[in-house]
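Per-entry structural report
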Amino acid sequence: MFIAADLPTDDKPRFYAELAAQARALLEGETDRIANAANLAALAYQALPRINWAGFYFYDGRELVLGPFQGKPACVRIALGRGVCGAAASQRQTQLVADVHAFPGHIACDAASRSEIVVPLVLGDELLGVWDVDSPEPGRFDQDDRQGMQALCAVFLESLSMK
Ligand code: SME
């Protein structure tokens, strides 16, 4: 299986290109949403340096519900518009939060989290959920991470409809 070792951490665009390639290979031939989300969370959690949580919330038509993840146990349900995840889901825009303490309504699942990135998962016109990654380091995520995480989410979304 994939261990995500030896990815170049000094060159973020290359790091994410190689991570996306590993993700594509890992999810190939499987369309099950839970299985692919679980494997992607595990891959990302192993590969990404200086993070303490990585995982999914899925939209059930009413609110966000916790999906596969790696890290400490997290809150299960998040209303649209609440916290960083709720903002990403309701605005359908990636949220890059350098200091979670300064984000109004931030939901602290792990007190160690200091910065966060949340990417909305939108398939066609439908909101599927969000991909959330937390770091114990303030300002951990930048524009390279935004691009890279969005590319990783695109691999996940593609996998759901590929045979
Ligand atoms: N901090 C998130 C909640 C989810 S946990 O970080 C896993 C938020 O404010 O939406």
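What counts and what doesn't
Residues numbered from 1 in each chain as written. Predicted model: local features only at pLDDT ≥ 70, side-chain atom pairs only at ≥ 80, totals over all residues. Heavy atoms only, no water. Helix = DSSP H or I, 4+ residues; strand = E, 2+ residues; numbered from the N terminus. Buried < 20%, exposed > 50% of the residue type's maximum accessible area, 1.4 Å probe, protein only. Areas by Shrake-Rupley, 256 points an atom, 1.4 Å probe, with all protein chains shown as cover. Near = heavy atom within 4 Å. Polar contact = N/O pair within 3.5 Å; in protein donor to acceptor, adjacent residues only side chain to side chain. Nonpolar A, V, L, I, M, F, W, Y, C, P; charged D, E, K, R; others polar. Expected span 1.5 Å × (residues − 1). Contact = heavy atoms within 4.5 Å. Pairing = 2+ DSSP bridges. Phe/Tyr/Trp six-rings, centres within 6.5 Å; stacked < 30°, edge-to-face > 60°. Lys NZ or Arg CZ within 6 Å of the ring centre and 35° of its normal.

1. Quick look at the overall build of the protein
- For the protein, the count of helices and strands is four helices and six strands.
- Listed by position from the N terminus, the elements making up the protein come as α-α-β-β-β-α-β-β-β-α.
- Classification of the 163 residues of the protein by burial places 47% in the buried group.
- When the accessible surface of the protein is totalled, it reaches about 7800 Å², and 50% of it is carbon and sulfur.

2. Observations regarding the site of the ligand
- Residues in contact with the ligand amount to 13 residues; listed here are only the nearest, Val84, Cys85, Ile107, Glu116 and Asp134.
- Interatomic distance of 3.0 Å between a backbone N/O atom of valine 84 and an oxygen atom of the ligand.
- Contact distances for the ligand include 3.1 Å between a nitrogen atom and a side-chain N or O atom of glutamate 116.
- Notes on the ligand: free accessible area 300 Å², of which the protein chains cover 99%.
- When contributions to the shell around the ligand are tallied by element, the ones reaching two or more residues are β1 (53-59), α3 (83-91) and β6 (126-135).
- Of the residues assigned to the shell around the ligand, the class counts are eight nonpolar, two polar and three charged.

3. Remarks on helix α2 (residues 33-47)
- Counted at 1.5 Å a residue, the expected span for α2 with its 15 residues is 21 Å, and the 21 Å between its end C-alpha atoms agrees.
- Taken together, the buried residues of α2 touch α1 (12-27), β1, β2 (63-71), β6 and α4 (143-159).
- At the N-terminal boundary of α2, the capping side chain belongs to aspartate 32, with an oxygen 3.1 Å from the backbone nitrogen of isoleucine 34.

4. Digging into the pairing of β6
- Of all 10 residues in β6, nine are buried, a share of seventy percent or more.
- Here β1 pairs with β6 via six bridges, running antiparallel. Bridging across to β6, glycine 55 finds its partner in aspartate 132.
- Bridge analysis of strand β5 (residues 115-123) against β6 gives nine bridges, and the strand direction is antiparallel. Its bridge partner being in β6, glutamate 116 is matched across the sheet by aspartate 134.
- Linkage of β5 to β6, two consecutive antiparallel strands, is achieved through a turn of two residues, within which glycine 124 is found at a positive phi near 65°.

5. Some points on the packing of aromatic side chains
- Evaluated as defined, the whole model comprises seven aromatic pairs.
- Aromatic pair phenylalanine 15 and tyrosine 16: ring centres 5.2 Å apart, planes at 90°, arrangement edge-to-face. The same class applies to phenylalanine 15 and to tyrosine 16, which are both buried.
- Their ring planes at 15° and their centres at 5.1 Å tell us that tryptophan 53 and phenylalanine 69 sit as a pair that is stacked. On the criterion of sequence distance, the pair formed by tryptophan 53 in strand β1 and phenylalanine 69 in strand β2 is long-range, its members being 16 residues apart.
- Take phenylalanine 69: its relative accessible area is 25%, and that puts it in the partly exposed class.
- Through a chain of ring-to-ring contacts, three or more aromatic side chains come together here, namely Phe56, Phe58, Trp131 and Phe156.
- Over the ring of phenylalanine 58 we find arginine 33; its NZ or CZ atom is 4.1 Å from the centre of that ring.

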